[in-house]
Amino acid sequence: MAGRNKRNKQEAGRREPPPPLVRPAAAAVASLLVPGLGQILDRLVQRGLLLLGSVVTILAMLGWRISVLAHREPTAWAMLAKALARRPFFIGLILACLVGLWVWIVADAARLARPVRDSRGRPRRGGFGIFVLVLFTFFALGWQVSQVDPVRMVTEFPKALTPLGRVVWPWQAAVVRETVDRQASAEVQTPCTDNPPPPAVEKPGQPFLLADPTCGELSALDTAGTLLPGSTLTLTGRGFAPDSEVKLYWVDPLGNEFQLRQEGRYLSVQADGRGAFQTKVIMPYRLFPGNPGESSLHQVVARQIASLGRLRASEPLLLTIERMVETIFMGMMATLFGILFAIPVSFLAARNLMSGSWLTMGIYYAVRTIMNIIRAIEPLIWALIAVVWVGLGPFAGIIALTVHSVASLGKLYSEAIEGIDAGPIEAVEATGATRLQTIMYAVVPQMIAPFVSFSIYRWDINVRMSTIIGLVGGGGIGFLLVQYIRLLDYRAAGIAVWFIAVTVAVLDYVSAEIRAKFV
Amino acid sequence: MLEIQNLTKIYPDGTVALRQVSFTVEPGEFLVIIGLSGSGKSTLLRCINRLIDPTEGTIRWDGTDVTAAESAELRRIRRQIGMIFQQFNLVRRSSVLSNVLAGRLGYVRPLPSLVHSFPAADRELAWKALQRVGLTEQAAKQARELSGGQQQRVGIARALMQQPRMILADEPVASLDPVLAHSILGYLEELNRLDGITVLCSLHYLDLVQRYATRVIGLREGRLVYRGTKEDIRRMTDAQFKEIYGEEAVRTSAGLQGRS
Ligand SMILES: Nc1ncnc2c1ncn2[C@@H]1O[C@H](COP(=O)(O)OP(=O)(O)OP(=O)(O)O)[C@@H](O)[C@H]1O
Ligand SMILES: [Mg+2]
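Residues numbered from 1 in each chain as written. Chains lettered and ligands numbered in written order. Predicted model: local features only at pLDDT ≥ 70, side-chain atom pairs only at ≥ 80, totals over all residues. Heavy atoms only, no water.

1. Focus on the packing of aromatic side chains
Keep this limit in mind: Between 30 and 60 degrees the pair is tilted, below 30 it is stacked and above 60 it is edge-to-face, where a pair is any two Phe, Tyr or Trp rings, Trp via its six-membered ring, whose centres lie within 6.5 Å. Here, over-ring charges are defined by two tests on the NZ atom of lysine or the CZ atom of arginine: distance to the ring centre within 6 Å, and angle to the ring normal within 35 degrees.
This model, assessed by the stated rule, comprises 8 aromatic pairs over all chains. Three or more aromatic residues joined by ring pairs form one cluster here, namely A:Trp169, A:Trp171 and A:Trp498. Over the aromatic face of B:Tyr212 sits the side chain of B:Arg211, whose NZ or CZ is 4.3 Å from the ring centroid.

This is the structure in structure tokens:
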């Protein structure tokens, strides 16, 4: 019936459009003075107000941008000129839009005030093009206000390449080699005396170097400047890292050390599979201001350095793993506390349980309102508050996430409670079961699935959130990430980002799987 | 066995669902309640085991006043009265077996039952009940996985677990197709005839009433307006039928009756 009436009215309206209240000229003048007034006078109040509001807002925005661009100028005209000079395209565009809009509004008012119909005899219809222009102007304003700058984005892109590359592939920084410093030395006396130094004693498992003989002559220069080679020593080494390079050094009695050369090239030998080597060296030339006639003790040293050790996780990698674990636990603890607090709260927020009396209804509305407010405030903001409360660290993050979880789980749980089917409760009650039995047999089974599903969902959100809650000091990996970024250590930051991404992705999958099992 | 006197139920919103209803139920009867939708059939059945508290009147079960019974006493009365429902009212996410065992809750010690621990004898009983309704294969399934007819059979098995002396059935076949309706009512008839369980059942289809009822009462707008025997209902006239079902009701050739 009602529907038919409505249709009748529409048909009647089609046949006889209401006559305009003002003549086109009057409407145009009205809209010229106050944009939209012509439309309002012509009974198109909504349209008129919308247009008026748009023009006023655009004017205000334009004024604000101009004052930002040219706040020092004394007069309005000077400000406009300065702003136009600084941002000719943007200010010009908005001005053009504004003028165009105004003209269009005037034309619109005049057009709508004419009692005309289109070729099919339909009454006037509002044009929507004008609102497209309004929207366009707003987006143009938004572009400027939010400082969108694609040109800069493109020209400055090379700057981002290095950090981006490091963040995308940070794994060089994930491992370091242990630098093991294995060395052994043998004493060499020069010149030889009656009692040369004894050969070194070999201790099992330790590098060991034997010089044979243990005394000899250093190389020397004759008066003509030609080199007279010194004695040749046979060096035998054992107990070095197998299959790797051993460098040989000479240490004079003063402790000056230099790497041994042979024919201009540094001497190095390769230890064999069992870490042993044997080589011959000629005792080097040394300007040693020793007392002539007295013999002195030199040392030959065999040393393995550089990254001979095992690959080892780097500091950032270890820290990241540590923080990631902390983060996941933060999410878990926040979820646990959230669930524990949300369960009682959800009973208070379930309409079907609380509709008994005015008092309980009052509690219901109070709890609902508080939960809505808490949920409206992001966990990051709660974390800022919690940091003031309990100090920096994961506990602050846990508090923030717990507060948010209680509110959002409370709402979800209470909706699950509201959705409980009363039929099974009635049926179990009818068997003569006690209240507790009824709850265990008819209520709990209905609650488990939604409770588990919502809790897992929340756990997912909490871990996700806890990865960034550290940005404001709430502990976890976010704290580390923000530190690395501030130190411009993009590789380390990249490691953290990778861990976050992988954790969140895995979590996403796991939580979806678990929830699918329960639905 | 069951004696109802001047039963009146006024819901909190002021709806008068039952007005001064009085009747008695004898042991071994298959008493069918007929009446238009909203006439108070469900309200009447729920008052009997006090799922709903009546406003006025008395209900006597074996001489004890149900309306005055305190919780322990009420539970003892309830466990002797099985109930099955139009919407089956199974716990959909629990297993069939668990749903059936729930019928025993009024008998077992409360604490062990909370962790789903039942005496071996009761498990045996549950198995027999499932056997009786032909659902042993489905025992481990979740109730929601069963078809409508199967679910109602689980409902019957649950009622059987109470070893009831009476079964209240609130439109047990209204959500099932006619073939299944006969199957379910067949089970009830068997319980009635073989086990001597009194049945109090509300039904909508006249042919079902004529087929299964041993006695019929009719409700209209909360008043008891008709009492009839099996023979009476066979001979029921259109005038009587309209008296119960209202002017708009039409008695179709199939024996179905138009619901509002
Ligand atoms: N919880 C309630 N609160 C208020 N009024 C109710 C409530 N339950 C039922 N009623 C009303 O009481 C009257 C009887 O309802 P009842 O459910 O007993 O009818 P019925 O005969 O079982 O109907 P149907 O065949 O549709 O199941 C109806 O008018 C109904 O609207
Ligand atoms: Mg009913």
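Having seen the structure, we can now continue with the description.
2. Section: the confidence of the model for chain B
Under the convention used in this document: A residue's pLDDT is the predictor's confidence in that residue, given on a scale from 0 to 100. We call two residues in contact when some of their heavy atoms are within 4.5 Å.
Confidence in the prediction for chain B averages 87 pLDDT; 91% of positions are at 70 or higher. Taken as a whole, residues 250-260 of chain B scores under 50 in pLDDT and shows 24 contacts with residues more than four places along the chain or in a different chain.

3. As for the interface of chain B and chain A
What counts is decided by this rule: The term buried area denotes the loss of accessible surface (1.4 Å probe radius) that occurs when two parts are joined, taken as the sum for both partners. By definition, a salt bridge exists where a carboxyl oxygen of Asp or Glu is found within 4 Å of a side-chain nitrogen of Lys or Arg. N or O atoms closer than or at 3.5 Å make up a polar contact, with two conditions inside protein: a donor-capable atom paired with an acceptor-capable one, and, for residues adjacent in sequence, both atoms drawn from side chains. A helix here means a DSSP run of H or I that spans at least four residues, while a strand means a run of E at least two residues long, and both kinds are numbered starting from the N terminus. Amino acids are sorted into nonpolar (Ala, Val, Leu, Ile, Met, Phe, Trp, Tyr, Cys and Pro), charged (Asp, Glu, Lys and Arg) and polar (every other residue, Gly among them).
In this assembly, 28 residues from chain B lie in contact with 20 residues from chain A. Three residues, B:Arg93, B:Leu105 and B:Leu114, lead the burial of chain B against chain A; their summed loss comes to 28% of the area buried on that side. In this assembly, chain B and chain A are joined by 1 salt bridge. Taken together, the connections running from chain B to chain A amount to 6 residue pairs in polar contact (both at pLDDT 80 or more). If you list the elements that add at least two residues to the side of chain B that touches chain A, you get α2 (71-78), β6 (81-85) and α4 (110-114) of chain B. Residue classes in the side of chain B that touches chain A are distributed as 12 nonpolar, 9 polar and 7 charged.

4. Comments concerning helix α12 (residues 358-376) of chain A
Residue and element names in this part refer to chain A. Where we set the bar: Helix span, as expected, comes to 1.5 Å for every residue beyond the first. The classification of residues rests on relative accessible area computed with a 1.4 Å probe and restricted to protein chains. Under 20% of the type maximum is buried, over 50% is exposed, and intermediate values are partly exposed. In this description, one arc is meant: the one made by directions from the helix axis to the C-beta atoms.
With 19 residues, α12 should cover 27 Å at 1.5 Å per step; its first-to-last C-alpha distance of 27 Å lies within 8% of that length. Listed as buried for α12 are Met361, Tyr364, Val367, Arg368, Met371 and Ile374. On an axial view of α12, the arc spanned by its buried residues comes to 155 degrees, and they lie on one face. Opposite its buried face, α12 presents the exposed residues Trp358, Leu359, Ile370 and Ala376, each directed more than 90 degrees away. Those residues of α12 that are buried are in contact with α10 (315-348), α11 (351-354), α13 (379-390) and α14 (394-418). By the N-cap criterion, in which a side-chain oxygen at the helix start approaches the backbone nitrogen of a residue two or three places on, α12 is capped by Ser357, the distance to Leu359 being 3.3 Å.

5. Description of the site of ligand 1
Residues and elements named next belong to chain B. Quick note on the threshold: Residues are classed as near a molecule or strand on a simple rule: at least one heavy atom within 4 Å of it. Accessibility throughout is a Shrake-Rupley quantity obtained with a 1.4 Å probe, and a residue counts as covered only by protein chains that appear here.
Residues in contact with ligand 1 amount to 15 residues; listed here are only the nearest, Ser37, Gly38, Ser42, Thr43 and Glu171. Ser37 places a polar side-chain atom, nitrogen or oxygen, 2.5 Å from an oxygen atom of ligand 1. Between ligand 1 and the protein, one listed contact pairs an oxygen atom with a side-chain N or O atom of Lys41 at 2.9 Å. The protein chains hide 63% of the 630 Å² of surface that ligand 1 would expose on its own. Residue contributions to the shell around ligand 1 peak at 3 residues, all from helix α1 (residues 41-48).

6. Considering the pairing of strand β6 (residues 232-238) of chain A
All names here are of chain A. Stated precisely, the cut-off is as follows: One requirement defines pairing of two strands: DSSP has to find at least two bridges between them.
The element β6 is extensively covered by neighbouring structure, given that 5 of its 7 residues are classed as buried. Sheet topology places strand β3 (residues 208-212) next to β6; 5 bridges connect them, and they run antiparallel. Pairing of Phe208 across the sheet is with Arg238, part of β6. Where β6 lies against strand β12 (residues 277-282), 6 bridges are found, and the strand directions are antiparallel. Counted as the bridge partner of Gly237 is Phe277 from β12.

7. Some remarks on the sheet that holds β6(A)
Residues and elements named next belong to chain A. Using the following cut-off: Lines are fitted to the C-alpha atoms to define the axes, a helix being fitted only along its stretch in contact, and any angle between axes, read from their N-to-C directions, falls within 0 to 180 degrees.
Overall, antiparallel pairing links the 3 strands, which are arranged β3-β6-β12 in an open sheet. Where the open sheet ends on each side, the last strands, each with one partner, are β3 and β12. With strand direction ignored, the average angle separating the axes of adjacent strands in the sheet is 25 degrees.

8. Let's talk about the pairing of strand β8 (residues 198-202) of chain B
Residues and elements named next belong to chain B. In terms of burial, β8 is a largely internal element, 5 of the 5 residues being buried. Burial along β8 is two-sided: the face carrying Thr198, Leu200 and Ser202 and the face carrying Val199 and Cys201 are both buried. Two elements, strand β3 (residues 30-35) and β8, share 4 bridges in a ladder whose sense is parallel. Across the sheet, the residue bridging to Val32 is Cys201, located in β8.

9. Things to note about the pattern of salt bridges
Residue and element names in this part refer to chain A. Summed over all chains, the structure comprises 24 salt bridges over all chains. The closest approach of N and O atoms between Asp108 and Arg47, which form a salt bridge, is 3.0 Å. Highlighted residues: Asp108 in helix α6 (residues 88-113) and Arg47 in helix α4 (residues 45-69), separated in sequence by 61 residues. Using a relative accessible area of 3% as the deciding quantity, one classes Asp108 as buried. Each of Arg47, Asp108 and Arg111 takes part in salt bridges that share partners, so that together they form one network.

10. As for a nonpolar patch on the surface
Residues and elements named next belong to chain A. Just so we agree on the cut-off: Exposure above 30% relative accessible area and the lack of any salt bridge qualify a residue for a patch; like charges then connect within 9 Å, and the nonpolar side chains Val, Leu, Ile, Met, Phe, Trp and Tyr within 5 Å.
Judged by side-chain polarity, Phe157, Leu161, Leu164, Val168, Trp169, Trp498, Val502, Val506, Tyr509 and Val510 come together as a nonpolar surface patch covering roughly 960 Å² of accessible area. Put simply, the parts of the chain that give the nonpolar patch at least two residues each are α9 (157-168) and α18 (490-518). For the nonpolar patch, the leading source of residues is α18, giving 5 residues. By the secondary structure assignment, Val506 is in helix α18.

11. Remarks on the packing of helix α5 (residues 120-132) of chain B against helix α6 (residues 148-161) of chain B
What describes two packed helices is the angle between their axes and the distance between those same axes. Residues and elements named next belong to chain B. Note the cut-off: Angles below 35 degrees are treated as roughly parallel, those above 145 as roughly antiparallel, those between 65 and 115 as roughly perpendicular, and all remaining angles as oblique. By definition, turning the near helix anticlockwise from the far helix through less than a right angle yields a left-handed crossing, and turning it clockwise yields a right-handed one.
Close contact between α5 and α6 brings their axes to 9 Å; oriented N to C, the two are set at 140 degrees. When the interaxial angle is binned, α5 and α6 end up oblique. Crossing of α5 over α6 shows right-handed handedness. Across the interface between the two elements, Asp122, Leu125, Ala126, Ala129 and Arg132 from α5 touch Ala157, Leu160 and Met161 from α6. Partitioned by chemical class, the residues of the contact of α5 with α6 number 6 nonpolar, no polar and 2 charged.

12. Points about the environment of B:Gln150
All names here are of chain B. As for its placement among the helices and strands, Gln150 is situated in helix α6. In this structure, the C-alpha to C-alpha distance between Gln150 and Ile184, residues 34 residues apart in sequence, is 9.3 Å. For Gln150, the residues in contact, after removing those within four places along its chain, are Leu135 and Gln138. Among the polar contacts listed, one links the side chain of Gln150 to the backbone nitrogen of Ser147, at a separation of 3.0 Å.

13. Concerning the state of the cysteines
Residues and elements named next belong to chain A. Using the following cut-off: Note that a disulfide, as used here, is simply two cysteine sulfur atoms within 2.5 Å.
Following the criterion strictly, the structure yields 1 disulfide over all chains and no others. A disulfide bridge connects Cys192 with Cys215, and the sulfur atoms are separated by 1.9 Å. For the disulfide bridge between Cys192 and Cys215, the dihedral angle about the S-S bond is near 100 degrees, and by the sign convention the bridge is right-handed. A residue pair is termed long-range when its members are at least 10 positions apart, and Cys192 in the loop between β2 (182-190) and β3 and Cys215 in the loop between β3 and β4 (220-221) qualify at 23 residues. Take Cys215: its relative accessible area is 11%, and that puts it in the buried class.

14. Quick word on the side chain of A:Arg368
Residue and element names in this part refer to chain A. Relative to the helices and strands, Arg368 resides in helix α12. Under the relative-accessibility criterion, Arg368 is labelled buried at 16%. For Arg368, the side chain forms a polar contact with the side chain of Ser414, separated by 2.7 Å.

15. Digging into the nonpolar core
All names here are of chain B. Rules: In plain words, nonpolar cores are sets of buried Ala, Val, Leu, Ile, Met, Phe, Trp, Tyr and Cys residues tied together by side-chain atoms within 4.5 Å.
If you look at the biggest cluster of nonpolar residues, it comprises 54 residues, and the most contacted ones within it are Val100 and Leu185. Those residues in contact with Val100 that sit more than four places away from it in its chain are Ala126, Ala129, Leu130, Val154, Ala157, Arg158 and Met161. Counting 31 residues, the second-largest nonpolar core is a separate cluster that includes Phe23, Leu44, Ile52 and Ile77.

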